[in-house]
Amino acid sequence: MLLLRSLLFNFFLYSGITVVFLVALPSLFLPSKITLLFGKFLGHYVVFLVRIFLKTKVEFKGIENIPKDKKYFVASAHQSMFETFALQSVLDYPVFILKKELLKIPLFGLYLKKIKSIEIVRDTTTKENLNFFDKVAKTIENENRPLLIFPQGTRVKVEDKVPFKKGAGRIYETLNICCVPVALNSGKVWPKEGMIKYPGKIIVSFLKPIEPGLNRDEFLKNLEMKIYDEIRNIS
C-alpha cells in the first residue's frame, strides 16, 4: 500500500508540475507577479497531494509570527522537497537562493530567473560569489517580498543536527531586518532519500522573529537553538 500511494503521489506530483510549467509559458513574457502566482499554486497543489495520496495532515503553526508591515527574511529547516513548494502557499512570493546549476535546467531555469532567484556557486569561493551579499541586499531592498533561505545548506534527516552555514549570519547582518525561523518535520513523511513516502502529520512551525542587532555568531547560535528545539518538540 505504501508503494502504491507513493507511486500515485509521484505521478501526480511530476505530471502536475509539467502541466503547470507548460501552462505558465506565456507568463515568461508578462510581469513576474504572474509567474509567481503559478509558484503559489504549486505550493497549494503539493499540500493537497500530500493530504490526498499520503493521508497526511499538514499543519502550519505560528503564522501570526510572520510580519505584516515590515521587511523580513525566513530561515527554514530543510528535510524534504515538501517545504520548497509548501512554504510558497503561506509566504508572499518568496525570493529563493539556489545553486547556480539549477538555472541551467531547460525551462525550469527560465522560471527561476523570471522570479528573480539569486544564484550562488556552493561550497567554493569564486569571483561569481564576491558580490553575492550585495546582490541579496539589493534584491530584497527593491522587492516587496521576503527572502527564503535554508541555513542547513541541503536536505537533512529529521534527527540530524548539522551546523548552520555561516552565510546565514552574513545575510542577517547585511539585510539588517528580522528573521523568522521555521522548524518542520517533513522528512518523516517525505524523506530526502528513496521513493517511498509515509503517512503521518507534517507540522510547519513559524517561530517568533529574531530581531536585527545581534552579531552574526550570536544570531546563528540563536537560530540553531530555536529551530532544533522546536523540531524536537514536533517530531
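Residues numbered from 1 in each chain as written. Predicted model: local features only at pLDDT ≥ 70, side-chain atom pairs only at ≥ 80, totals over all residues. Heavy atoms only, no water.

A look at the layout of surface pockets
Roughly 230 Å³ of volume is contained in the second largest pocket. Around the second largest pocket, the lining residues are Ile 66, Pro 67, Lys 68, Asp 69, Lys 70, Lys 71, Tyr 72, Asp 92, Asn 144, Arg 145 and Pro 146. (1 Å grid on protein atoms, 1.4 Å probe; cavity = no way out; pocket = protein on both sides within 12 Å on 5 of 7 lines; lining within 4 Å. Points joined across faces, edges and corners; volume = space filled by probe spheres on them.)

Side note on the side chain of Gln 79
When you line up the elements, Gln 79 lands in the loop between strand 2 (72-76) and helix 3 (82-86). A distance of 2.9 Å separates the side chain of Gln 79 from the backbone nitrogen of Gly 187, its partner in a polar contact. (Helix = DSSP H or I, 4+ residues; strand = E, 2+ residues; numbered from the N terminus. Polar contact = N/O pair within 3.5 Å; in protein donor to acceptor, adjacent residues only side chain to side chain.)

Looking at the pattern of salt bridges
As enumerated under the stated definition, the model contains 8 salt bridges in all. With a shortest N-O distance of 2.9 Å, Lys 201 and Glu 59 are connected by a salt bridge. Of this pair, Lys 201 sits in strand 7 (residues 201-206) while Glu 59 sits in strand 1 (residues 57-61), and the two are 142 residues apart along the sequence. By relative accessible area, which is 36% here, Lys 201 ends up partly exposed. (Salt bridge = Lys/Arg side-chain N within 4 Å of Asp/Glu carboxyl O. Buried < 20%, exposed > 50% of the residue type's maximum accessible area, 1.4 Å probe, protein only.)

Focus: the nonpolar core
Of all hydrophobic cores here, the largest spans 70 residues; its most connected members are Phe 73, Phe 82 and Leu 147. If one sorts the elements of this core by residue count, helix 2 (residues 32-53) sits on top with 8 residues. Beyond its immediate sequence surroundings of up to four residues, Phe 73 is in contact with Leu 147, Ile 149, Ile 171, Tyr 172, Leu 175, Ile 177, Cys 178, Cys 179, Val 180 and Phe 219. (Core = buried A, V, L, I, M, F, W, Y, C linked by side-chain atoms within 4.5 Å. Contact = heavy atoms within 4.5 Å.)

Digging into the packing of aromatic side chains
Evaluation of the coordinates by the stated rule reveals 10 aromatic pairs. Judged by centre distance (6.2 Å) and plane angle (15°), the ring pair of Phe 41 and Tyr 45 falls under stacked. Of this pair, Phe 41 and Tyr 45 both sit in helix 2, 4 residues apart, which is roughly one turn of the helix. Overall, the relative accessible area of 45% leaves Phe 41 in the partly exposed class. Judged by its relative accessible area of 17%, Tyr 45 falls in the buried class. Summarising the aromatic geometry, the rings of Tyr 172 and Phe 219 are spaced 4.0 Å apart at their centres and angled 5° between planes, so their arrangement reads as stacked. With Tyr 172 in helix 6 (residues 167-175) and Phe 219 in helix 7 (residues 216-234), the pair connects residues that are 47 residues apart, well separated along the chain. Taken individually, Tyr 172 and Phe 219 each receive the classification buried, so the pair is uniform in this respect. Chaining the aromatic ring pairs together yields one cluster made of Phe 11, Phe 12 and Phe 53. Directly above the aromatic system of Tyr 93 lies the positively charged group of Lys 40, at a separation of 5.2 Å from the ring centroid. Over the ring of Phe 133 we find Arg 170; its NZ or CZ atom is 4.0 Å from the centre of that ring. (Phe/Tyr/Trp six-rings, centres within 6.5 Å; stacked < 30°, edge-to-face > 60°. Lys NZ or Arg CZ within 6 Å of the ring centre and 35° of its normal.)

Let's talk about unusual backbone geometry
Although it is not a glycine, Lys 116 adopts a positive phi angle of roughly 65°. In this structure, Lys 116 sits in the loop between helix 4 (108-114) and strand 4 (118-120).

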